[in-house]
Amino acid sequence: MKKLSTTYKILRKLGLNYPEEEYGQVSLWQVFKRVYKTYRDSFLLKFMMNSWLLNPIAPRKVRPWVLRKIGCHVGKDVFIGSQVWVDSGHADLIYIGDHTHITARTVLLCHKKDLKAYYKYDDYAKLPYMKGEIHIGKGCSTGTGTMIMPGVTIGDGAIIGAYSLVTKDIPAWTIATGRPAKVVKEIPEHNSIL
């Protein structure tokens, strides 16, 4: 077993109950960098994402810029609705394709507690986190209030219904809805008569 860093021990004494597996070797410099990034990202998310002053240009200009600034990979001509919540501590794990619509109140979550080794009488706070990338393909749309969990890929052109919980991959050119989201329809090819 590795020796715990002094910084980690101080954080624990302050009542910050971080998982030992991930934070046990943290240095003071790493803590300062994380705190700075957290404050910067929080400022951008709070005052720029839903600014009434910037509202006319926010969905297509300001909000995609903010997400890029905090580390998300955002394509061209992306629409970001109001009150979208991203996992800012793991923003670098979020990939949004060109021409995608992330509508109001969508949640993009890139980490969750790993419950594989959780048993009766264990300390939940000491469980490590599982992290996973979120990939949202080109031309997708998430309905209002959708929650997308870690490790999910949504294929190109897919549409997610309002208030869905996406826990597994959604194939391209399908419509999925529900909690958990399931494919309810395949989007047909356009048959044009020339």
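The structure we're discussing is the one just above.
Residues numbered from 1 in each chain as written. Predicted model: local features only at pLDDT ≥ 70, side-chain atom pairs only at ≥ 80, totals over all residues. Heavy atoms only, no water.

Peer 1: If you had to explain the sheet that holds strand β5 (residues 101–102) to someone new, which residues and values would you point to?
Peer 2: One open sheet accounts for six strands, arranged β2-β5-β10-β13-β15-β16; its pairing is mixed. Whereas interior strands pair on both sides, the edge strands pair on one side only; in this sheet they are β2 (79–80) and β16 (181–186). Strand direction decides the pairing type here: β5 and strand β10 (residues 141–142), joined by two bridges, are parallel. When the sheet's bridge partners are listed, Ile-102 is paired in β10 with Thr-142. (Pairing = 2+ DSSP bridges. Helix = DSSP H or I, 4+ residues; strand = E, 2+ residues; numbered from the N terminus.)

Peer 1: For the pairing of strand β15 (residues 174–178), give the residues involved together with the corresponding values.
Peer 2: Examined bridge by bridge, strand β13 (residues 159–160) and β15 share two bridges and lie parallel to one another. Within the sheet, the bridge partner assigned to Ile-159 lies in β15 and is Ile-175. Examined bridge by bridge, β15 and β16 share five bridges and lie antiparallel to one another. Considered in β16, the bridge of Thr-177 is made with Lys-182. In sequence, β15 turns back onto β16 through a hairpin of two residues.

Peer 1: Describe a nonpolar patch on the surface, with residues and values.
Peer 2: A contiguous nonpolar patch, built from Ile-10, Leu-14, Leu-16 and Tyr-18 and spanning about 370 Å² of accessible area, is present on the exposed surface. Looking at the secondary structure, you find Leu-16 in the loop between α1 (6–13) and α2 (20–23). (Patch = residues over 30% accessible without salt bridge, like charges linked within 9 Å, V, L, I, M, F, W, Y side chains within 5 Å. Areas by Shrake-Rupley, 256 points an atom, 1.4 Å probe, with all protein chains shown as cover. Salt bridge = Lys/Arg side-chain N within 4 Å of Asp/Glu carboxyl O.)

Peer 1: Could you give an account of the side chain of Lys-113, with specific residues and numbers?
Peer 2: Summarising the element assignment, Lys-113 is placed in strand β7 (residues 111–113). Judged by relative accessible area, Lys-113 falls into the buried class, the value being 14%. A distance of 3.3 Å separates a polar side-chain atom of Lys-113 from the backbone oxygen of Ala-125. Residues in contact with Lys-113, not counting those within four places in the same chain, are Pro-19, Tyr-124, Ala-125, Leu-127, Pro-128 and Tyr-129. (Buried < 20%, exposed > 50% of the residue type's maximum accessible area, 1.4 Å probe, protein only. Polar contact = N/O pair within 3.5 Å; in protein donor to acceptor, adjacent residues only side chain to side chain. Contact = heavy atoms within 4.5 Å.)

Peer 1: Describe the nonpolar core, and please don't skip the residues or the numbers.
Peer 2: Grouped together as the largest cluster of nonpolar side chains are 32 residues, with contacts concentrated most on Leu-67, Ile-96, Ile-136 and Ile-154. Among the elements of the structure, α4 (58–69), β4 (94–96) and β9 (134–136) are those that each provide at least two residues to this core. Looking at which element gives the most residues to this core, the answer is α4, with four residues. For Ile-136, the residues in contact, after removing those within four places along its chain, are Tyr-95, Ile-96, Gly-97, Thr-100, Ile-102, Leu-108, Ile-148 and Ile-154. (Core = buried A, V, L, I, M, F, W, Y, C linked by side-chain atoms within 4.5 Å.)

Peer 1: Go over the state of the cysteines, please, and point to the residues and values.
Peer 2: Scanning the entire structure with this criterion turns up zero disulfides. Looking at the unpaired Cys-110, the closest cysteine sulfur is the one in Cys-72, lying at 7.5 Å. Here Cys-140 stays free of any disulfide, with the sulfur of Cys-72 as its closest cysteine sulfur at 16 Å. (Disulfide = S-S within 2.5 Å.)

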